[in-house]
Amino acid sequence: VTISHGNSRVTAVLPTGESVEVLLFGATVLSWKDGAGDEKLWLSEGSKFDGSKGVRGGIPIVFPAFGSPDPNHAATSKLPQHGFARTARWEFLGKSTSEGSSSSVKLDFGLSSDNLDEATRALWPYKFGLLYSVTLERESLTTTLVITNDGDEPFEIQTLLHTYFRVKDISSVHVTGLEDSPYTDKVDGMKPKTQASSPVTFSGETDRVYTPAKGPRHPVVISDGGKPSFRIVRDNLDQVVVWNPWTDKAESIPDFAPKDGYKNMVCVEAGSVQGWQKLDKGDAFEGAQTISLS
Ligand code: BG6
């Protein structure tokens, strides 16, 4: 396994060619390639890589609050959309590898309240630790986030792994595993709805927060042109957000490029974003996703 660690990025390549690249701003996975060198994630050509905003693509981490600030949740109401973890500069903590026919590599990244600038700390004044592990295997990528309360005050969090999957054509994408599941429709006034007993398909702006009826271990599968491409299994992350901005929303997002790039992406985001997870002093919350190529 080859690792390279520059000033701002860490890259790992398996002997069989699979690779992953992580930006230290946000510990954002920017690229995941299979053994043939084919990119699995979508990344906007307009992305900022300097921490001035979250990366538009790859796998940004949402923490400690999802979506636009909730005025009814005082502790997080001053935070920017999706929190600060996606823009903060993380530390690379090191790697562990297993060599041989089934090589794998795990890259660890950390962020704590001590790493934040004062302005950010003022917005959310709690002592926390985040440990994020990115594990690359031949046919899968696993991302695991462990959140600890390192202070004396309890706090409440939401978190989410905002994965942008690369697809050939959004109009022939089917997402299964969400059948009969309740969801909130963000493009229809936050209306509570229930998915039919059919896959999710796309023909316009889509922004939904699902709580899959079959639970986190039941795979959510993204098929592209009739062929399953990604299989997502979650651990302790009860929601799945499905997002595609379509034409007008893509136009309105400055760092979304090219503008017709919405045809080649779908966000299927594993998270814990319904209500809040309360962490008392010394508590930890662990959430993970494994994405397999199928
Ligand atoms: C999704 C949200 O998770 O992220 C959408 O459900 C939002 O409402 C999208 O538009 C992108 O958010 P941002 O902050 O990266 O533009």
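Residues numbered from 1 in each chain as written. Predicted model: local features only at pLDDT ≥ 70, side-chain atom pairs only at ≥ 80, totals over all residues. Heavy atoms only, no water.

Engineer: Help me out: how do you make sense of the site of the ligand in this one?
Structural biologist: All residues in the neighbourhood of the ligand are listed as R56, F66, Q81, H82, R86, H162, K186, D207, V241, W243, K249 and E269. Within the side chain of R56, one N or O atom sits 2.9 Å away from an oxygen atom of the ligand. Between Q81 and the ligand, the recorded distance is 2.9 Å, taken from a side-chain N or O atom to an oxygen atom. Across the complex, the protein chains shield 89% of the 390 Å² of accessible surface that the ligand would expose by itself. Applying the majority rule of atoms within 2 Å of the grid points places the ligand in the largest pocket. Partitioning the shell around the ligand into residue classes produces 3 nonpolar, 3 polar and 6 charged. (Near = heavy atom within 4 Å. Polar contact = N/O pair within 3.5 Å; in protein donor to acceptor, adjacent residues only side chain to side chain. Areas by Shrake-Rupley, 256 points an atom, 1.4 Å probe, with all protein chains shown as cover. 1 Å grid on protein atoms, 1.4 Å probe; cavity = no way out; pocket = protein on both sides within 12 Å on 5 of 7 lines; lining within 4 Å. Sits in = over half its atoms within 2 Å of the grid points. Nonpolar A, V, L, I, M, F, W, Y, C, P; charged D, E, K, R; others polar.)

Engineer: Help me understand the pattern of salt bridges in this model?
Structural biologist: It is possible for side chains of opposite charge to pair when their charged atoms get near one another. Tallied over the full model, the rule gives 12 salt bridges. One connected set of salt bridges, linked through shared partners, spans D185, D188, K191 and K193. (Salt bridge = Lys/Arg side-chain N within 4 Å of Asp/Glu carboxyl O.)

Engineer: What's the story with empty space enclosed by the protein in this structure? I'm lost.
Structural biologist: Empty space among the atoms can be located by rolling a probe the size of a water molecule over them. In total, this model carries 1 cavity of 30 Å³ or more according to the counting rule given. Here the largest cavity is characterised by a volume of approximately 50 Å³. Lining the largest cavity are L145, I147, T159, L160, L161, L237, F285 and G287. Among the elements of the structure, β9 (140-149), β10 (155-161) and β20 (284-293) are those that each provide at least two residues to the lining of the largest cavity. Ranked by residues supplied to the lining of the largest cavity, first place goes to β10 with 3 residues. (Points joined across faces, edges and corners; volume = space filled by probe spheres on them. Helix = DSSP H or I, 4+ residues; strand = E, 2+ residues; numbered from the N terminus.)

Engineer: So what exactly am I meant to see when it comes to the sheet that holds strand β17 (residues 227-235) here?
Structural biologist: Within a sheet, each strand pairs with its neighbour through backbone hydrogen bonds, oriented either parallel or antiparallel. Spatially, 8 strands are ordered β6-β7-β8-β9-β20-β17-β16-β12 in an open sheet, and the strand pairing comes out antiparallel. Either end of the sheet is taken by a strand with one partner, and the two such strands are β6 (91-98) and β12 (173-176). For this sheet, the mean inter-axis angle between neighbouring strands, taken without regard to orientation, is 15 degrees. As judged from the 8 bridges shared by strand β7 (residues 104-112) and strand β8 (residues 128-136), these two strands associate in the antiparallel manner. Bridge pairing links L107 to V134 in β8. (Pairing = 2+ DSSP bridges. Axes fitted to C-alpha atoms, helices over the stretch in contact; angles between N-to-C directions.)

Engineer: Got a minute to help me understand the pairing of β17 in this structure?
Structural biologist: Each regular strand displays side chains that alternate between the two surfaces of the sheet. As paired elements, strand β16 (residues 220-224) and β17 share 5 bridges and run antiparallel to each other. Its bridge partner being in β17, V221 is matched across the sheet by R231. Counting the residues in the hairpin turn of β16 and β17 gives 2 residues, including G225, whose phi is positive at 65 degrees. Here β17 runs beside β20; their pairing, made up of 6 bridges, is antiparallel. Paired with D235 across the bridge in β20 is A288.

Engineer: It is not clear to me how unusual backbone geometry should be interpreted in this structure. Could you clarify?
Structural biologist: Peptide bonds are, in most cases, trans, and in most cases residues other than glycine have a negative phi. Note the cis peptide between F63 and P64, where omega equals 0 degrees. Although it is not a glycine, M190 adopts a positive phi angle of roughly 60 degrees. We classify M190 as partly exposed; its relative accessible area is 49%. (Buried < 20%, exposed > 50% of the residue type's maximum accessible area, 1.4 Å probe, protein only.)

Engineer: Any chance you could explain the sheet that holds strand β2 (residues 9-13) here in plain terms?
Structural biologist: Here we have 4 strands laid out as an open sheet, ordered β1-β2-β3-β4, and antiparallel in their pairing. Edge positions in the sheet fall to β1 (2-5) and β4 (28-33), since each has one partner strand and no second. Strand-to-strand twist in this sheet, taken as the mean axis angle between neighbours without regard to direction, amounts to 10 degrees.

Engineer: So what exactly am I meant to see when it comes to the layout of surface pockets here?
Structural biologist: In this structure, the largest pocket spans a volume of roughly 580 Å³. Around the largest pocket sit 27 residues that line it, and F66, G67, S68, H82 and K186 are the ones nearest its centre. Of all elements in the fold, only β15 (206-210), β18 (239-244) and β19 (265-279) reach the threshold of two or more residues within the lining of the largest pocket. Considering each element in turn, the lining of the largest pocket owes the most residues, 5 residues, to β19. In terms of residue class, the lining of the largest pocket is made up of 10 nonpolar, 9 polar and 8 charged.

Engineer: Looking at this structure, how should I read the packing of aromatic side chains?
Structural biologist: What describes a pair of aromatic rings is the distance from one ring centre to the other and the angle between the planes of the rings. A complete count under the given rule lists 17 aromatic pairs for this structure. Ring geometry for F84 versus W124: centroids 6.0 Å apart, planes at 50 degrees, classification tilted. Linking F84 in the loop between β5 (61-62) and β6 with W124 in the loop between α1 (118-123) and β8, this pair joins segments that are 40 residues apart in sequence. Ring centres of W246 and Y262 lie 5.1 Å apart, and the angle between their planes is 50 degrees; this geometry places the pair in the tilted category. You can see W246 sitting in helix α2 (residues 246-252) and its partner Y262 sitting in the loop between α2 and β19, a full 16 residues away along the chain. Across the pair, exposure class does not vary: W246 and Y262 are buried alike. Through a chain of ring-to-ring contacts, the aromatic side chains of F63, F84, W124, Y126, F128 and F155 assemble into a single cluster. One residue, R9, lies across the ring of F49, its end atom 4.9 Å from the ring centre. Between the NZ or CZ atom of R89 and the centre of the ring of F25, over which it lies, the distance is 5.6 Å. (Phe/Tyr/Trp six-rings, centres within 6.5 Å; stacked < 30°, edge-to-face > 60°. Lys NZ or Arg CZ within 6 Å of the ring centre and 35° of its normal.)

The analysis is restricted to geometry; functional conclusions fall outside its scope.
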